[in-house]
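# Secondary and tertiary structure notes
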Amino acid sequence: MELEVADLACARGGVLVLEGVNFRLEAGEALMLRGPNGIGKTTLLRTLAGLQPPLAGRIDMPDEALAYGAHADGLKSTLTALENLRFWARVHGAGEGEIGRALDEFNLADLAERPAHSLSAGQKRRLGLARLLLTGRAIWALDEPTVSLDVESVRLFARAVERHLARGGMALMATHIDLGLAARALDLTPFRADPDRAGKAGAGKDSAGGAGKAARPPEDPFSGAEDLA
Amino acid sequence: MELEVADLACARGGVLVLEGVNFRLEAGEALMLRGPNGIGKTTLLRTLAGLQPPLAGRIDMPDEALAYGAHADGLKSTLTALENLRFWARVHGAGEGEIGRALDEFNLADLAERPAHSLSAGQKRRLGLARLLLTGRAIWALDEPTVSLDVESVRLFARAVERHLARGGMALMATHIDLGLAARALDLTPFRADPDRAGKAGAGKDSAGGAGKAARPPEDPFSGAEDLA
Amino acid sequence: MSIWEYANPKKFMETTARFMPWLVGLTAVTLIPGLAWGYFFTPEAENFGSSVKIIYIHVPSATIAINAWIMMLVASLIWLVRRHHVSALAAKAAAPVGLTMTLIALITGAVWGQPMWGTWWAWDPRLTSFLVLFIFYLGYMALWEAIENPDTAADLTAILCIVGSVFALLSRYAVMFWPQGLHQGASLSMDRAEHVADVYYWPLVLSLIGFGLLFLTLVLYRTRTEVRARRLKALEARERMA
Amino acid sequence: MIALLVRDIRLAMRAGGGFGLGLAFFLIAVMLVPFGVGPEGGLLGTIAPGILWIAALLACLLSLDRIFTLDYEDGTLDLLATSPLPMEGVVAMKALAHWLTTGLPLTIAAPVLGLLLNLPESAYYWLVVTFLLGTPALSFIGTFGAALTVGVKRGGLLLSLLVLPLYIPSLTFGAEALRRGAEGMANTVPLLMLAGITLGTIALLPFVAAQAIRINLR
Amino acid sequence: MIALLVRDIRLAMRAGGGFGLGLAFFLIAVMLVPFGVGPEGGLLGTIAPGILWIAALLACLLSLDRIFTLDYEDGTLDLLATSPLPMEGVVAMKALAHWLTTGLPLTIAAPVLGLLLNLPESAYYWLVVTFLLGTPALSFIGTFGAALTVGVKRGGLLLSLLVLPLYIPSLTFGAEALRRGAEGMANTVPLLMLAGITLGTIALLPFVAAQAIRINLR
Ligand code: HEM
Ligand SMILES: Nc1ncnc2c1ncn2[C@@H]1O[C@H](COP(=O)(O)OP(=O)(O)OP(=O)(O)O)[C@@H](O)[C@H]1O
Ligand SMILES: Nc1ncnc2c1ncn2[C@@H]1O[C@H](COP(=O)(O)OP(=O)(O)OP(=O)(O)O)[C@@H](O)[C@H]1O
Ligand SMILES: [Mg+2]
Ligand SMILES: [Mg+2]
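Bear in mind that the values here come from a model prediction, so they are computed numbers and not experimental data. (Residues numbered from 1 in each chain as written. Chains lettered and ligands numbered in written order. Predicted model: local features only at pLDDT ≥ 70, side-chain atom pairs only at ≥ 80, totals over all residues. Heavy atoms only, no water.)

### Focus: the pattern of salt bridges
Any two side chains of opposite charge can pair, on the condition that their charged atoms come close. Considering all chains together, one arrives at 47 salt bridges over all chains under this definition. Between E4 of chain B and R24 of chain B there is a salt bridge; the shortest N-O distance is 3.2 Å. Placement of the pair is E4 of chain B in strand 1 (residues 2–12) and R24 of chain B in strand 2 (residues 15–26), with a sequence separation of 20 residues. Residue E4 of chain B is classed as partly exposed on the basis of its relative accessible area, which comes to 24%. Exposure remark for R24 of chain B: the relative accessible area of 36% places this residue in the partly exposed category. Where E88 of chain E meets R214 of chain E, a salt bridge forms, and the shortest distance between an N and an O atom there is 3.0 Å. (Salt bridge = Lys/Arg side-chain N within 4 Å of Asp/Glu carboxyl O. Helix = DSSP H or I, 4+ residues; strand = E, 2+ residues; numbered from the N terminus. Buried < 20%, exposed > 50% of the residue type's maximum accessible area, 1.4 Å probe, protein only.)

Have a look at this one:
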């Protein structure tokens, strides 16, 4: 099993954000996505999760292999922690045993019967992370998973990731802090889309077909600047 | 100007969370609130901000001296960054010059005309922090201010805090990461409310008036367990 | 020794535990004979037929339904002013009882209206204001249910109860502008000779007292349950922190 | 999929979840009519079929924005979209849960409200029949509307605006079938149309709505 | 304080902000009536005053949960509570903004809809007068209801349940004054009551609502 991303371009709110993203991830590997605020980490992760189509390029991985963890945790505040996990377990076909293990792994056993709205920010986050174990999926794509976590919980999480990798899983994380994991880092800064490129290309002569290199994102038909007048 | 907290007790969702909190902050000082997830950092900050009444104890500070920064940023997603700031400036009576300075200090000038919903997580956070400069208040009480910020923005923020302290301000921050500020830390773990105390006292004989030491939070009249039958 | 002492949950539980059985007994000895007397030992009215006997349920339940709201209003005020937890819980406990009484009055009224007026329902001012009361009970209970923190819920429902009372009075006055309706005037008041014949009078009084006691019993029972529920919550919270 | 249905119904039953409130709104909206129009029985009886249908429709409408918006705001919808459940199934289950917690209770309560409005005796049977045939369409159409507006912050009003015109055929046929039935006239045609609309929306709209959600998440 | 008013109106004008939607709902709800009740002119004219008032009330209702919930969810309300503005002022401004973006447009649009419903000629003057006198109360009462339910997730339906009964006096007096006015009868008493309720709610409810918000933030 592997994840290969080739020449990927993605947009957010109609604006081209990243292009030419290339990387490869093998079983047991983790990749940390780095880059300043607004570079496009969230955009990239959402594209990989299939929530938005790539503008260009390829994403090669098996179907239904990726578990996405977003900024928001997807918790129902009136359900208890356990009920929340049980719902996701049933959606992904996981059993009761796995729920118990997920609770233990994130030190949530004491909070199992509490409604989610009465948890503190970090406790909620832990619950959101526990869900990952129930998906049974190999590729974890996580957006700032450690937000609000205290030092101890960060360690719990790092250990959970290590175990996941040891089982042959993969992880892809956007984070600004150091988790102490042995992982490659991928800085997204070089892939920032050139804001001028689209305009320049559109001004060229062969703008009719957009049949340039396949990996180039298609031109925005409105980006030509010369006939604005 | 100073902030003094004496024997403070606070509750969250009707449950006593912290008691006997004591500290003192002088002009130019910063205090980092530490403690594991769920210890009560958010609860303490909300109490200081006056959003919930303390159960017992004293909070001594001038009126309207505290600016609160919560987990949520209080941004209107359909307004632009500038419009958002301008609203808060008018609420707090700050002028246009201060808005410009706040934008500069958090490197937001380029984003000023963007609607807030099109900002990335870290950009939103920066905008939320810029609001603090417009309140003109001396005590900043911030709940995990650096969530989602990249390294560069954390540095911007640290510098803004330092400038605020140099002007004679104070800061009180709950955070799990190290900001590189010269600041005292206050670990909240020792103030965790003793879960048995309330019950024991309630079971005692003189539970009628609750007229014990003034600093003690009043008994929860329902905590006596003996005649549940 | 002040009456406020009973606002302490512990004291309240002890005291009520002592006289609950007596109260239940007293309710039984007024309500059962009252209703039995009314149903089996009064003559049928010449122009009302046997349907007149519904009066022994209809009038007391209607009376209690209104008074239950007034009791909730008073309890809410006490909670807001003196912050006695038991009074908040008593208001909460009274709502479902009041709602049920309102429902009983509405249903018996409808059942009675069919033979009397030839219709189950008419938009008569009195009936209409009763329907409004029904809605107020529903809203009050829904608000209690919707808010998790019990003290917050107590505060907000108390505010709703007070504001709601004002608006309930206003709407009562508003429907007076409608053409006057079919409903009976006062039957027990001042000049009873004019309204209800003596044979119907005493059983009615008895069942009124019975319904009053029934209300008291139910409210106390439910208040005790609410106190226990709160204690359970406090205990759970304690275990959680430990 | 069943897990989703169970969860949605459970959420509706929990504090603040909205079960019963649709019903309460129906009751109140019907009650308002005499306050506005005046208490005269004959007039009320004449307009009762239409009023009941309109009120049911508005009660449905008010609960529509719970269908997806909560799940969207707390991130659940993103996670569901990446889960093994097909989005079409998710949409269908949500519509079904909405009907079970709104349309069905309305159907059961409608006869009581008919009493309040002096509905003629002959109409009660048809009241229940038309509601049973018609309300599922309200839920499925509403779910489609909710899917369209899921990205709009507090889109409740926009949602109403989009959905109300789509409700007009169901309303017209439903009220017409009820009125004719009450007067003892033949009402097979409007009844068939009503059922047809319901079947059509159940069969087709989940696919369209699922597509709308995918576009909105993008 | 003016800043708050300006901001609220501006937010309402922005995409998805809901300005105009209340109006649209009013339009559609009134339009539904002929579909439900049947197109007969005389009947429509008789019920028109009541229907117009009820529709206005429901249109108000639908936009109530925007008043505080958005500000609560994104943290603005916490920040406003710690700002120098008194909470009473915040509440009053929000109610005023709500009226300016809902009640006032409704008042202006109502005569047009009166045409659709065959409202008798004599009624148009009174339609505008009763709306002008009555709709501010709807906004202020609604703001109070919104303050009570601000902590309840997606409390829209609960809000309706709480607020609708509080609307009954305004509705009854408003519709009665309109009906009497249209028939050339004396309507000073209901008109005075209508105005009295509006003044009373404007004077008192902001204080109560501010208290409710403080309790909810706690
Ligand atoms: C659904 C229909 C009805 C409702 C909601 C209703 C409601 C009420 C209410 C609210 C009261 C006032 C109790 C009090 O003020 O202490 C009352 C009393 C009474 N009702 Fe009804 N009623 C209904 C139908 C009827 C009918 C059909 C009759 C008989 C023809 C009737 C006869 C009476 C009488 C005799 C009283 C006692 C009056 C008094 O003591 O003040 N009611 N009802
Ligand atoms: N709806 C939108 N419309 C237009 N631009 C947007 C929209 N949402 C985000 N953007 C822009 O797209 C870029 C990428 O945003 P993204 O959220 O992917 O960044 P990020 O790397 O996750 O940043 P952060 O570390 O702050 O979370 C940013 O410059 C942002 O301003
Ligand atoms: N609504 C509520 N009802 C009951 N208990 C609550 C409620 N909200 C929070 N709590 C509990 O109160 C305690 C304090 O919560 P608080 O949010 O103050 O913690 P915190 O120190 O800010 O944690 P974090 O670092 O995770 O943000 C926690 O144990 C939490 O579970
Ligand atoms: Mg991001
Ligand atoms: Mg916190």
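### Section: the interface of chain E and chain C
As a measure of interface size, the accessible area lost when the parts come together is often cited. Facing 27 residues of chain E, the contacting portion of chain C comprises 25 residues. Buried surface at the junction of chain E and chain C, both sides included, amounts to about 2,200 Å², of which 85% is carbon and sulfur. Of all residues in chain E, L148, L166 and I215 of chain E give up the largest surface area on contact with chain C, accounting jointly for 21% of the area buried on that side. Taken together, chain E and chain C are joined by one salt bridge. A salt bridge links D155 of chain C to R218 of chain E, with the shortest nitrogen-to-oxygen separation between them at 2.7 Å. Linking chain E with chain C are one residue pair in polar contact (both at pLDDT 80 or more), by the criterion used here. (Contact = heavy atoms within 4.5 Å. Buried area = accessible area lost by both parts, 1.4 Å probe. Polar contact = N/O pair within 3.5 Å; in protein donor to acceptor, adjacent residues only side chain to side chain.)

### Re unusual backbone geometry
Its identity as a non-glycine residue notwithstanding, N107 of chain A has a phi of 55 degrees, on the positive side. Tracing the backbone shows N107 of chain A in the loop between helix 3 (96–105) and helix 4 (121–135). A positive phi angle, close to 70 degrees, is found at S148 of chain B, a residue other than glycine. Looking at the element boundaries, S148 of chain B is found in the loop between strand 6 (139–143) and helix 5 (151–166). Since its relative accessible area comes to 10%, S148 of chain B is described here as buried.

### So, the relation of the copies chain E and chain D
Laying chain E over chain D is done by rotating through 180 degrees and shifting 0.0 Å along the axis; what remains is an RMSD of 0.1 Å. What we have between these two chains is a two-fold relation. Among all residues of chain E, the one whose C-alpha sits closest to the rotation axis is L62 of chain E, at a distance of 3.8 Å. Both copies present the same face, since 100% of the interface residues in chain E are matched by interface residues at the equivalent positions in chain D. (Least-squares fit on C-alpha atoms with pLDDT ≥ 70 in both.)

### Things to note about the interface of chain E and chain D
If you look at the interface, chain E gives 43 residues, while chain D gives 44 residues. Counting the surface lost from both chain E and chain D, the interface buries some 4,000 Å², and carbon and sulfur atoms represent 78% of this. The interface formed by chain E and chain D holds four residue pairs in polar contact (both at pLDDT 80 or more) in total. Every element with two or more residues in the side of chain E that touches chain D is listed here: helix 2 (21–37), helix 3 (41–62), helix 4 (69–73) and helix 8 (156–182) of chain E. Along the lines of polarity and charge, the residues of the side of chain E that touches chain D split into 26 nonpolar, 11 polar and six charged. (Nonpolar A, V, L, I, M, F, W, Y, C, P; charged D, E, K, R; others polar.)

### Thoughts on the confidence of the model for chain C
Mean pLDDT for chain C: 82, with 83% of residues reaching 70 or above. The low-confidence segment residues 188–194 of chain C, where pLDDT is below 50, has five contacts with residues more than four positions distant or belonging to other chains. (pLDDT = per-residue confidence, 0-100.)

### Thoughts on the sheet that holds strand 5 (residues 66–69) of chain B
Through backbone hydrogen bonds, the strands of a sheet pair up, either in parallel or in antiparallel fashion. Residue and element names in this part refer to chain B. Strand order in this open sheet of five strands is 5-6-7-3-8, and the pairing throughout is parallel. At either margin of the open sheet sits one strand with a lone partner, and together these are strand 5 and strand 8 (184–187). The sheet shows a mean angle of 15 degrees between the axes of neighbouring strands, direction not considered. By the bridge criterion, four bridges tie strand 3 (residues 30–34) to strand 7 (residues 170–174) in an arrangement that is parallel. The residue bridging L31 from the neighbouring strand is L172, located in strand 7. (Pairing = 2+ DSSP bridges. Axes fitted to C-alpha atoms, helices over the stretch in contact; angles between N-to-C directions.)

### Thoughts on the packing of aromatic side chains
Tallied over the entire structure, the rule returns 14 aromatic pairs over all chains. With centroids separated by 5.6 Å and ring planes inclined at 85 degrees, the aromatic side chains of W121 of chain C and W123 of chain C adopt a geometry described as edge-to-face. This pair shows no difference in class: W121 of chain C is buried, exactly as W123 of chain C is. By the ring-pair criterion, three or more aromatic residues cluster together here, those being W69, F136, Y137 and Y140 of chain C. Of note, R131 of chain A hangs over the ring of W88 of chain A, and the distance from its end group to the ring centre comes to 5.5 Å. Seen from the ring of F87 of chain A, R7 of chain D lies directly overhead, with NZ or CZ sitting 4.5 Å from the centre. (Phe/Tyr/Trp six-rings, centres within 6.5 Å; stacked < 30°, edge-to-face > 60°. Lys NZ or Arg CZ within 6 Å of the ring centre and 35° of its normal.)

### Some thoughts on helix 3 of chain A
Think of an α-helix as turning once every 3.6 residues; residues three or four places apart then point the same way. Residues and elements named next belong to chain A. Those residues of helix 3 that fall on the buried side of the exposure criterion are I99, A102, L103 and E105. Seen along its axis, helix 3 keeps its buried residues to an arc of 165 degrees; they face one direction. Within helix 3, the exposed residues directed more than 90 degrees away from the buried face are R101 and D104. On its buried face, helix 3 sits against helix 2 (81–92), helix 4 and helix 5 (151–166). After helix 3 finishes, the residue N107 shows a positive phi value of roughly 55 degrees. (Arc of directions from axis to C-beta.)

### Digging into the sheet that holds strand 6 (residues 139–143) of chain A
All names here are of chain A. Pairing in this open sheet of five strands is parallel, and the strands run 5-6-7-3-8 from one edge to the other. Looking along the sheet, the strands with just one partner apiece sit at the ends: strand 5 (66–69) and strand 8 (184–187). Across this sheet, the average inter-strand angle for adjacent strands is 15 degrees, counted without regard to direction. Across the sheet, helix 5 touches strand 3 (30–34), strand 6 and strand 7 (170–174), and the angle it forms with strand 7 is around 145 degrees.

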